[in-house]
Amino acid sequence: MNYTLKELLDVPRVQELLDSLNKIQNVPSAILDTEGNILTSTAWQDICTKFHRIHHDTQNKCLESDLHIKADLDKNTPHVVYRCPMGLIDAATPIIIDGEHLGNLFIGQFFIEPPDEAYFAEQARQYGFDVSEYLEAVRKVPIITEEQLHNYLSFMGNLAQTLAEQALINKRHLKYARKMREEEERFQSILQTSINGFWLADKHGKFLRVNETYCKMSGYRSEEHTSELQSPCN
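No experiment lies behind these values; they were computed from the predicted model shown.

Draft legend 1. Layout of the sheet that holds strand β2 (residues 38–42). The antiparallel open sheet is built from 5 strands, whose spatial order is β2-β1-β5-β4-β3. Edge strands, defined here as strands with exactly one partner in the open sheet, are β2 and β3 (80–83). Geometrically, the sheet is characterised by an average inter-axis angle of 20° between neighbouring strands, direction not taken into account. One ladder, built from 4 bridges, connects β3 with strand β4 (residues 89–97); its direction is antiparallel. Bridging across to β4, R83 finds its partner in I89. Helix-sheet contacts for helix α4 (residues 56–73) involve β3, β4 and β5 (100–110), and the interaxial angle to β3 is about 155°.

Structure representation (structure tokens):
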């Protein structure tokens, strides 16, 4: 595979689709390539962006979660659902294009059942977070069923993969068209510099193409050969 996921996906368009879907489903999501570069992100939760991902100790736990999910996805697992050390649920599905694993669709952070606020209050105190602000962030985290989760993973994985595969087809078509143009230009160069006369005609004898040497031999200009009316060269 000579393309990255970013090259294949229409990233702004995919971002629009994810943002629109989030308004309906209220599920955070992101698409990352296999190097960890974030291509799209939708509705990431305050509990992660304002608390977990900026505190040294909890950030390490987030990285632990990321590495666990990535390791499972590298084993060609169709879906990974993981409860992170901070008590949230993350999930992911691989994006495989033309047999190669180019990226992952992540869903999270969310709960599958209502959270135990006493647990999260104690967690806030443990890491020095403001308890009331932390619990407010906890209450914003969406709650989805396992069935909704797997349906969402399947839909979004298929959508991202379909868009990328279509982009791959388009790029291959463009590459083929460019190669054909280059071959045509090379052919024309050889044709026009040949010391031999060359002509191409259809089955009715109408000239389709001639080179300069043939024009000199016949006394007709190229455009006169390929027009219905042929007249001698001036």
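That covers the picture; the talk isn't over yet.
Draft legend 2. Structural context of the pattern of salt bridges. Scanning the entire structure with this criterion turns up 7 salt bridges. As a salt-bridge pair, K50 and D46 come within 3.7 Å of each other at their nearest N and O atoms. With K50 and D46 both in helix α3 (residues 46–52) and 4 residues apart, the pair spans about one turn of that helix. On the basis of relative accessible area, K50 is assigned to the exposed category, the value being 51%. With its nearest N and O atoms 2.9 Å apart, the salt bridge here joins E117 to R139. Here E117 is found in helix α5 (residues 117–127), whereas its partner R139 is found in helix α6 (residues 131–140), with 22 residues between them in sequence. Since its relative accessible area comes to 52%, R139 is described here as exposed. Among the charged side chains, a salt-bridge network with shared partners connects D46, K50 and K140.

Draft legend 3. Broad picture of the environment of A137. With respect to the secondary-structure elements, A137 resides in helix α6. In contact with A137, not counting residues within four places along its chain, are D46, I47 and F51.

Draft legend 4. Main features of the nonpolar core. Residues L5, L9 and I31 are the most contacted members of the largest nonpolar core, which totals 27 residues. The dominant element in this core, judged by the number of residues it contributes, is helix α7 (residues 146–193), at 8 residues.

Draft legend 5. Structural detail: helix α2 (residues 11–25). With 15 residues, α2 extends 20 Å from end C-alpha to end C-alpha; this agrees with the ideal 21 Å at 1.5 Å per step. Within the span of α2, buried status applies to V11, V14, Q15, L18, L21 and N22. Viewed along the axis of α2, the buried residues span an arc of 130°, placing them on a single side of the element. In α2, the exposed positions angled more than 90 degrees off the buried face are occupied by P12, K23 and I24. Phi for N26, located one or two positions after α2, is positive at around 55°.

Draft legend 6. Local environment of α6. Residues Y134, L135, A137 and V138 constitute the buried set of α6. Taken around the axis of α6, the buried residues stretch over an arc of 155°, which confines them to a single face. Opposite the buried face of α6, at more than 90 degrees from it, the exposed residues are S132 and R139. Those residues of α6 that are buried lie in contact with α3 and α5.

Draft legend 7. How the structure looks around the side chain of T58. Tracing the backbone shows T58 in helix α4. There is a polar contact of 2.8 Å between the side chain of T58 and the backbone oxygen of H52.

Here is what the cut-offs are and how they apply
- Residues numbered from 1 in each chain as written.
- Predicted model: local features only at pLDDT ≥ 70, side-chain atom pairs only at ≥ 80, totals over all residues.
- Heavy atoms only, no water.
- Pairing = 2+ DSSP bridges.
- Helix = DSSP H or I, 4+ residues; strand = E, 2+ residues; numbered from the N terminus.
- Axes fitted to C-alpha atoms, helices over the stretch in contact; angles between N-to-C directions.
- Contact = heavy atoms within 4.5 Å.
- Salt bridge = Lys/Arg side-chain N within 4 Å of Asp/Glu carboxyl O.
- Buried < 20%, exposed > 50% of the residue type's maximum accessible area, 1.4 Å probe, protein only.
- Core = buried A, V, L, I, M, F, W, Y, C linked by side-chain atoms within 4.5 Å.
- Expected span 1.5 Å × (residues − 1).
- Arc of directions from axis to C-beta.
- Polar contact = N/O pair within 3.5 Å; in protein donor to acceptor, adjacent residues only side chain to side chain.

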